[in-house]
Amino acid sequence: MATTAVGQPLSRVDARRKVTGTATYSAEHRIEGLLYGVIVNGTVARGTVSRISVDAALAHPGVLRVLTDFGKLQLAHPVDRLAFYGQPIAVVVAETLEAATHGASLVEATYERQDAVTDFDDPDIPSQTPEDEPDYSRGDPAGALASAQVKVDLELTSARENHNPIELPSTIARWQDGRLTLWDKTQWSQGAARTVAGALGIAVTDVRVHNEFLGGGFGSGIQTYDHVVLAAFAAREVNRPVKVVLTRRQFYYGTGFRPASRHRMALGSTAAGRVSALVYEVRIENARYRTYTDGLTDLPKFLYGVPNTSTAYRITPIDVHSPASMRGPGVVLGNFALETGMDQLAHELAVDPVELRLRNEPTQDEVSQLPFSTRKLRECYQTGARRFGWSRRRAKPGSRTEGDLLIGMGMATASYHNNRRDSSARARIHADGTAEVFAASADMGPGTTTSVMQVAADALGLPASAVTFRLGDSSYPTAPLHAAACTMASVGSAAHTTCNALKAEFIRRAVADPNSPLHGANPADVQVRDGQLETSGARDTYRDILRRAGLPSLDITGNWGPGDADSRISTYGYGAVFAEVSVDPLLGLVRVRRIFAAYDVGRVISPKLAHSQAIGGMVGGIGMALLEGTVTDHRDGRIVNASLADYLVPVNADILDLDAAFINTEDPQADPIGVKGLGEITIVGVAPAIGNAVFNATGKRLTDLPIRPEALL
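I will try to describe carefully the structure that is included in this document.

Applying the stated criterion across every chain yields a total of 14 aromatic pairs. Aromatic side chains W390 and F578 sit 5.4 Å apart centroid to centroid with 65 degrees between the ring planes, which places their arrangement in the edge-to-face category. With W390 in the loop between α11 (377-388) and β15 (401-402) and F578 in strand β24 (residues 572-584), this residue pair connects regions lying 188 residues apart in the sequence. A relative accessible area of 0% places F578 in the buried class. Here the basic side chain of R375 rests over the ring of F372, its NZ or CZ set 4.8 Å away from the ring centre. Positioned over the ring face of F388 is R594, at 4.0 Å from the centre of the ring.

Under the definition given, this model contains 40 salt bridges. Here E355 and R359 are joined by a salt bridge, their closest N and O atoms 2.9 Å apart. Placement of the pair is E355 and R359 together in helix α10 (residues 353-359), with a separation of four residues, close to one helical turn. Assessed through its relative accessible area of 31%, E355 is described here as partly exposed. Here E580 and R400 are joined by a salt bridge, their closest N and O atoms 3.1 Å apart. Of this pair, E580 sits in strand β24 while R400 sits in the loop between α11 and β15; the two residues are 180 residues apart in sequence, bridging distant segments of the chain.

Contact geometry of helix α13 (residues 487-512) with helix α14 (residues 542-549) gives a least axis separation of 10 Å together with a crossing angle of 60 degrees. If you check the angle between α13 and α14, you find them oblique. Crossing hand, α13 versus α14: left-handed. Counted together, K503, F506, R509 and A510 of α13 and Y542, I545, L546 and A549 of α14 form the full contact between these two elements. Taken together, the residues of the contact of α13 with α14 sort by class into six nonpolar, no polar and two charged.

Secondary-structure assignment places T68 in the loop between β3 (63-67) and β4 (88-94). Each C-alpha atom of the pair T68 and A234 lies 10 Å from the other, and the pair is 166 residues apart in sequence. Setting aside anything within four residues of it in sequence, one finds T68 in contact with I52, V54, I89 and A90.

Here the residue pair L705 and P706 is connected by a cis peptide bond, since its omega of 0 degrees sits within 30 degrees of zero. Looking at the element boundaries, P706 is found in the segment after β29 (704-705). The phi angle at S536 is positive, at roughly 50 degrees, despite the residue not being glycine. For S536, the position within the fold is in the loop between β21 (532-535) and β22 (538-541).

This next bit is on the sheet that holds strand β25 (residues 589-600). With mixed pairing, five strands are arranged side by side in an open sheet as β15-β16-β24-β25-β28. Bordering the open sheet on either side are β15 and β28 (657-662), each of which pairs with just one other strand. The sheet contact formed by strand β16 (residues 405-417) and β24 spans twelve bridges and is antiparallel. Paired with H417 across the bridge in β24 is Y572. Of the strands in this sheet, β16, β24, β25 and β28 touch α11, which is tilted by about 30 degrees from β24.

This part covers the packing of helix α15 (residues 607-626) against helix α16 (residues 686-698). Running from N to C, α15 and α16 cross one another at 55 degrees; their axes reach a closest spacing of 8 Å. The orientation of α15 relative to α16 falls into the category oblique. Crossing geometry of α15 relative to α16 is assigned as right-handed. Contacts from G617, M618, G621, I622, M624, A625 and L626 in α15 reach V686, A687 and I690 in α16. Of the residues in the contact of α15 with α16, the class split is eight nonpolar, two polar and no charged.

Under the definition given, this model contains zero disulfides. No disulfide involves C499; its sulfur sits 19 Å from that of C486, the nearest cysteine.

What counts, and at which threshold
Residues numbered from 1 in each chain as written. Predicted model: local features only at pLDDT ≥ 70, side-chain atom pairs only at ≥ 80, totals over all residues. Heavy atoms only, no water. Phe/Tyr/Trp six-rings, centres within 6.5 Å; stacked < 30°, edge-to-face > 60°. Helix = DSSP H or I, 4+ residues; strand = E, 2+ residues; numbered from the N terminus. Buried < 20%, exposed > 50% of the residue type's maximum accessible area, 1.4 Å probe, protein only. Lys NZ or Arg CZ within 6 Å of the ring centre and 35° of its normal. Salt bridge = Lys/Arg side-chain N within 4 Å of Asp/Glu carboxyl O. Axes fitted to C-alpha atoms, helices over the stretch in contact; angles between N-to-C directions. Parallel < 35°, antiparallel > 145°, perpendicular 65-115°, else oblique. Left-handed = near helix turned anticlockwise from the far one by under 90°. Contact = heavy atoms within 4.5 Å. Nonpolar A, V, L, I, M, F, W, Y, C, P; charged D, E, K, R; others polar. Pairing = 2+ DSSP bridges. Disulfide = S-S within 2.5 Å.

Spatial relationships are all this shows, so hold off on functional conclusions.
In structure tokens, the structure reads:
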């Protein structure tokens, strides 16, 4: 098949709509008869509402209803008691947003408080082993660690983080003839439909969710939270459409977060730099009402060839909202512990950090005992080190200065599992020769609308300008959640498979049609380019085939799934991240001067979008390393810095020179388009690379995220 679109650095097909303001986000849809709902949040972390007064709110002009009885709703948390600070206790519905907002401020509640714990370091709260994260061990890690010639044993911590996309959680709900339509800021329209249907006790076929445009997500829109259900509930109660948009402060209480974590990373090595033992123990905060886990132990037990390895995962349930996936969920924290430990071990051994990693490259996946589908990590190290100028790094910490600044270089390995999930697509070619492809996916910013279009265009043999990828509607063919770096491999593979099937159907019709110039040709010999079917000098077109058949269009729905591939191969993406920092020793101020990363992520569908993804991940990693941390007042569970004025995220002044390269490789064993997930891996490795650079600059091994100025003074 001639490739014309895949691999080209195309601009986003939806870019003009976004920059000109014609892209319509969830809260911007104009719905006739729309009312406004504002949630009233509880102000205790544990207890019950003993009394709630709504009279003043109802007396306010424009307020129509105050809903307080959620007893018939099935929510993720209890509805008869308060399980966390900020839990919804009422919804005020009004003719205007201003009236609803002021009405919400007039609702008064009194509580029966119970003793609450919101600090997961409280020694009185026992930790638990989650069912889906059992302890893991191979070899004799305790014995190997005790007998190791060189040892590193670090305690590390990370603060809670909140996602903070620009677009706030927002939902419009409308009922018509017993069916519910939602315009919702969700990363998974079909998951949202199922959750809302279950919460309201209705059939999922009676719920349709639209989410064509998302203003960022980072994981905050994977789950369907209270505000979505309450918008639908309120709309049903008042029999008019209702819009609910969380404020930035409510966002911190109303959606999940990356949980705070505590780690122990112990490594043992021979004097020659062969890592013989790894012991990793981690604990994260959790809600009492729900267990949340993610892949914290994945990379420590997988990434290097360590014969004696053990991991232990613990959760501590406290009185907080449940954590949730955040970009690079779990893996990014486990990798921080691992790569900080490896850097310290390299220092103790007086071995270059890249060389230490090369000495411990495995020959197979030691957890599954499966061969790697592809593992171009050596090439990532080589490309990254060369392009970054790693040879100029000075091994002795604190030995490079510029004026009053200390300069350091650090690096870290990155990896993320290549997630692929069952997906479907519908492809249609119209009589004018244009095509559409449909799937219930989403695009929160990586450019899915563009990259899937590129795959479809090549599969159909059409120019990119003739193909449109339609997403953002739960009624479209099944797609997985837009997260976990699985969209391109899953939805892209479904689009590829379906479009090839549609092309084959056109070829079949042409060679069977006595009126076609291709009549009687061998279908295998027919090539399609620019919508023209051709073999041995004979030509037909999609347009003519449809015209002769009297059809306005022809479409096919197809499916793709990974099948049993994961039982035969180990498929991951890989990367090497290099960072240079300056440290002002008088102020404790760290500045990231540049980052360069090289990635093995299989076939790169859209180089421009892939590079943009990499830069975005690096920015998120800078935030994790130096700025981001949610602060809780443990007296009542209130978030102290629940605003972008107080919760620090990187801004343009923090971002200098960021760049990335992609190793030329494909992974055909993993999926038919040869891709690996890119969205998550680009944040993995950034924080430890920065931390390791700070160590190289200062000689201070900092193991708490974010790195704060006071730790360097």
